[in-house]
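Architecture and fold: a report
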Amino acid sequence: GGRNMGFVLRGAVQAQVGERVVALLGEGELFGEVALALDATRIATLIAVGDQTRILMLSQTCIDRLKDPADRAQLWRNVARVLATKLRRLHE
């Protein structure tokens, strides 16, 4: 299942399902949050676009180790906002 999610710090990543490009994610965008939240199998492969791309990976273990429960709650609220925004875009 999805045990981590990523955050694009610099550059971009391309999401592919098979040979088809389904998304281009740029700086500040999150990926893998659905698989992490659901502990589900990932459906896309992500490929860095360029040598300067940098991502931050956050594992479930890392999130669980946040000492302050308010920090964990804020992280999950932000993930929920990202998911809600993506869902809204699908219906526009």
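Description of the structure in this document. (Residues numbered from 1 in each chain as written. Predicted model: local features only at pLDDT ≥ 70, side-chain atom pairs only at ≥ 80, totals over all residues. Heavy atoms only, no water.)

Another point: the nonpolar core. Nonpolar side chains in soluble globular proteins tend to end up buried together. Membership of the largest hydrophobic core is limited to six residues, which are Met-5, Leu-30, Leu-36, Ile-63, Leu-75 and Val-79. In this view, Ile-63 contacts Met-5, Leu-36, Arg-72, Leu-75 and Trp-76; residues no more than four positions away in its chain are not counted. (Core = buried A, V, L, I, M, F, W, Y, C linked by side-chain atoms within 4.5 Å. Buried < 20%, exposed > 50% of the residue type's maximum accessible area, 1.4 Å probe, protein only. Contact = heavy atoms within 4.5 Å.)

What follows is about the environment of Arg-77. Here Arg-77 lies in helix H3 (residues 69–90). Spatially, the C-alpha atoms of Arg-77 and Leu-9 are 20 Å apart, while their sequence positions differ by 68 residues. (Helix = DSSP H or I, 4+ residues; strand = E, 2+ residues; numbered from the N terminus.)

Together, Phe-7, Leu-9 and Leu-56 give the surface a local cluster of nonpolar side chains, amounting to about 240 Å² of exposed area. Residue position: Leu-56 is located in strand S4 (residues 45–59). (Patch = residues over 30% accessible without salt bridge, like charges linked within 9 Å, V, L, I, M, F, W, Y side chains within 5 Å. Areas by Shrake-Rupley, 256 points an atom, 1.4 Å probe, with all protein chains shown as cover. Salt bridge = Lys/Arg side-chain N within 4 Å of Asp/Glu carboxyl O.)

This part covers the pairing of strand S1 (residues 4–17). Both S1 and S4 contribute to a ladder of 11 bridges, which runs antiparallel. For Met-5, the partnering residue across the bridge sits in S4 and is Leu-58. Bridging between S1 and strand S3 (residues 30–31) involves two bridges; their strand directions are antiparallel. Residue pairing for S3: Gly-6 is matched across the bridge by Phe-31. When S1 meets strand S2 (residues 20–26), the two strands line up antiparallel, connected through six bridges. Bridge pairing in S2 links Val-17 to Arg-20. If you look at the hairpin formed by S1 and S2, you'll find two residues sitting between the two strands, and Gly-18 has a positive phi there, around 65°. (Pairing = 2+ DSSP bridges.)

With that settled, the discussion passes to H3. Spanning 22 residues, H3 covers 32 Å between terminal C-alpha atoms, matching the ideal 32 Å at 1.5 Å per step. The opening residue of H3, the one whose side-chain oxygen lies 2.9 Å from the backbone nitrogen of Ala-70, is Asp-68. (Expected span 1.5 Å × (residues − 1). Polar contact = N/O pair within 3.5 Å; in protein donor to acceptor, adjacent residues only side chain to side chain.)

Turning to the environment of Thr-53, a few remarks are in order. With respect to the helices, strands and loops of the structure, Thr-53 is situated in strand S4. A C-alpha to C-alpha distance of 17 Å links Thr-53 and Gly-32, two positions 21 residues apart in sequence. Within the local environment of Thr-53, its side chain forms a polar contact with the backbone oxygen of Ala-12, the two atoms lying 3.1 Å apart. Polar contacts involving the side chain of Thr-53 include one to the main-chain carbonyl oxygen of Val-49, which spans 2.8 Å.

Interpretation note: all reported values are geometric properties and have no functional meaning in isolation.
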